[in-house]
Amino acid sequence: MVLPNFNDNLKKYAELLVVTGINVTEGHTVVLSIDVDQAPLARLITEAAYERGAKEVIVKWADDELSRLHYRNQDLETLTEVPESKIVEMNEMIEAGASRISVRSSAPDALANIDPTKIAESRKASSAAFRPMMEVTQSNKVSWLVAAASGADWAAKVFPDLDSSEEQIDALWHAIFNSVHLYEEDPIAHWAEKVNTLQSKADELNKESFTALHFKGPGTDLVVGLPELHRFEGAGSTNARGEVFVANLPTEEVFSAPDANRVDGVVVSTKPLSYSGTIIEGMEFHFENGKVTKVTADQGEEVLQKLIEQDEGASRLGEVALVPDASPISQSGLTFYNTLFDENASNHLALGSAYAFNIVGGTEMSREELNAAGLNESNTHVDFMIGSDQMDIDGIKADGTAVPVFRKGAWA
Ligand code: ZN
Ligand code: ZN
């Protein structure tokens, strides 16, 4: 490691994830999912969580190489079997109100040579089995956080021109630290301010009560309907215990739920998407009455096709998010091949489930009430990027008037 003050910065980063991210307080159970090659960071996060009064920190280790071995050697039946013990464990964690941190460092194409059917079927089985956990997090009943760490294979993909693996890993760490504003004098205070700024942007949009957003850019002409009581949200969320947490680090977006039945037109992707260990590029979606009627991609089309066929809601939208092109991540000019970063460089949409908190009173609504309000239901949620410095967005009012929201990739 040749980055200056790396060990100090890694400790600061762990504290940021624990304090700003999931906001650990006295008595929390914390579940940390992280790759084996990130053990030093895992220890620092665990230590910081105990310092803040965590009752228990449970670490779940992951490893790309082991995943590949399992996919190659297990038959489809074994891959799609979810053992009862894992369901029992999930229910215990829901019961305990456990906070969840997921630190990702996998290569974006970690599963490139694996049979796409095996990946799709095993993903489908596990997302169906762990759906209760997804519902708990998507309605913010517990604190949850997705963050990243620099892994060798991922770093090689982002910085192919650097000579050594060590330089690549360092460059990616530097980019991650930069994206989460870790080089600020007091990153935790900086984030508190940032959460407020993003929320006031969201409040401005909520005051407008738009019925739809109209996206226009090269290859894109798409109208995304918004449910009547939709709410735009910024970085900060509040869990069932009333604690404020930040679910993504980094985050630059202001987002809401689209009306799952009112999306019409064409939209093209502007950045590659890493999904299920495969890179999908050059996507074009056609929508009618909320549903994808046709989809193509220059690369990874088969995986994309399987994604939208996963269940009924996978071919409809669950999120619409606004990110100015001036965002620090966009200005870095890097393609991270990682949604956590790339979605914060660009306006984006998500296929699949909507967040219940994106509608007034949503976290208290039943599934039927959410569906009736237009919030999409699915076992999946996959963001894809559509923004650029060419994009214009109009907000459409109930009387049909158009209000400029974005011009050339910036807030109007
Ligand atoms: Zn988003
Ligand atoms: Zn999303």
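Residues numbered from 1 in each chain as written. Chains lettered and ligands numbered in written order. Predicted model: local features only at pLDDT ≥ 70, side-chain atom pairs only at ≥ 80, totals over all residues. Heavy atoms only, no water.

Novice: When you look at the overall build of the chain in this model, what are you seeing that I'm missing?
Specialist: A count of helical and extended segments in the chain gives 14 helices and 20 strands. In terms of overall dimensions, the chain has a C-alpha envelope of 55 × 50 × 50 Å along the principal axes. Per-residue burial over the chain gives 54% buried out of 412 residues. A separation of at least 24 residues holds for 75% of the contacts in the chain among residues at least 6 apart in sequence. Accessible surface computed for the chain: about 17,400 Å², of which carbon and sulfur atoms make up 49%. Across the chain, 33 positive and 65 negative side-chain charges occur, with their mean positions spaced 3 Å apart. (Helix = DSSP H or I, 4+ residues; strand = E, 2+ residues; numbered from the N terminus. Buried < 20%, exposed > 50% of the residue type's maximum accessible area, 1.4 Å probe, protein only. Contact = heavy atoms within 4.5 Å. Areas by Shrake-Rupley, 256 points an atom, 1.4 Å probe, with all protein chains shown as cover. Lys, Arg positive; Asp, Glu negative; His and termini not counted. Charge placed at Lys NZ, Arg CZ, Asp CG, Glu CD.)

Novice: What exactly am I supposed to notice about the coordination of the zinc ion (ligand 1) here?
Specialist: Each pair of donors in an ideal four-coordinate tetrahedral metal site encloses 109.5 degrees, whereas pairs in an ideal six-coordinate octahedral site enclose 90 or 180 degrees. Protein ligation of the zinc ion (ligand 1) involves Glu253 (OE), Glu319 (OE), Glu343 (OE) and His348 (NE2), the donor distances falling in the range 1.9 to 2.7 Å. Considering all four donor atoms around the zinc ion (ligand 1), the spread of angles at the metal, 74 to 136°, places the coordination shape in the irregular class. Mapped onto the sequence, the residues coordinating the zinc ion (ligand 1) show the spacing E-x65-E-x23-E-x4-H. In this structure, the zinc ion (ligand 1) lies 3.6 Å from the zinc ion (ligand 2), and both are coordinated by glutamate 319. Note that glutamate 319 is positioned in strand β15 (residues 317-322) and histidine 348 in strand β16 (residues 348-352), a separation of 29 residues in sequence. A relative accessible area of 3% places glutamate 319 in the buried class. (Donors = N, O, S within 2.8 Å, 3.2 Å for Na, K, Ca; no water. Tetrahedral: all angles 85-135°; square planar, octahedral: opposite > 155°, others 65-115°.)

Novice: Can you help me understand the pairing of strand β4 (residues 144-148) in this one?
Specialist: The side chains of a regular strand alternate between both faces of the sheet. Judged by how many residues are buried, β4 sits mostly within the fold: five of five residues are covered. The alternating pattern of β4 places Trp144, Val146 and Ala148 on one face and Leu145 and Ala147 on the opposite face, and all of these are buried. Bridging between strand β3 (residues 99-104) and β4 involves five bridges; their strand directions are parallel. Looking at β4, one finds that serine 102 is bridged to valine 146. (Pairing = 2+ DSSP bridges.)

Novice: What is the right way to read the pairing of strand β17 (residues 381-385) from this model?
Specialist: Counting buried residues along β17, five of its five residues qualify, which places the element largely inside the surrounding structure. Of the two faces of β17, the one lined by His381, Asp383 and Met385 and the one lined by Val382 and Phe384 are each fully buried. Two elements, β16 and β17, share five bridges in a ladder whose sense is antiparallel. Counterpart to alanine 350 in the pairing with β17 is aspartate 383.

Novice: Explanation requested: the pattern of salt bridges in the structure shown.
Specialist: Two side chains bearing opposite charge may form a pair once their charged atoms approach each other closely. Counted by the stated rule, this structure contains 18 salt bridges. Between lysine 157 and aspartate 109 there is a salt bridge, with its nearest N and O atoms 3.4 Å apart. Remark: aspartate 109 occurs in the loop between β3 and α6 (116-129) and lysine 157 occurs in helix α8 (residues 152-158); sequence separation between them is 48 residues. For aspartate 109, a relative accessible area of 27% corresponds to the partly exposed category. Residue arginine 262 is joined to aspartate 259 by a salt bridge in which the shortest nitrogen-to-oxygen separation is 3.2 Å. The partly exposed category is assigned to arginine 262, whose relative accessible area is 35%. Looking at aspartate 259, the relative accessible area reads 11%, which means it is buried. When salt bridges that share partners are traced, they join Arg131, Glu135, Arg367 and Glu377 into one network. (Salt bridge = Lys/Arg side-chain N within 4 Å of Asp/Glu carboxyl O.)

Novice: Whenever I open this one, the sheet that holds β17 confuses me. Can you help?
Specialist: Sheet strands associate in pairs through backbone hydrogen bonding, adopting either a parallel or an antiparallel arrangement. Taken in spatial order, the four strands make up an open sheet running β9-β15-β16-β17, and their pairing is antiparallel. Two strands close off the open sheet at either side, each with one partner strand: β9 (254-256) and β17. Here the strands of the sheet are splayed against their neighbours by 20° on average, with no regard to which way each runs. Pairing between β15 and β16: four bridges, direction antiparallel. Residue pairing for β16: glutamate 319 is matched across the bridge by alanine 350. (Axes fitted to C-alpha atoms, helices over the stretch in contact; angles between N-to-C directions.)

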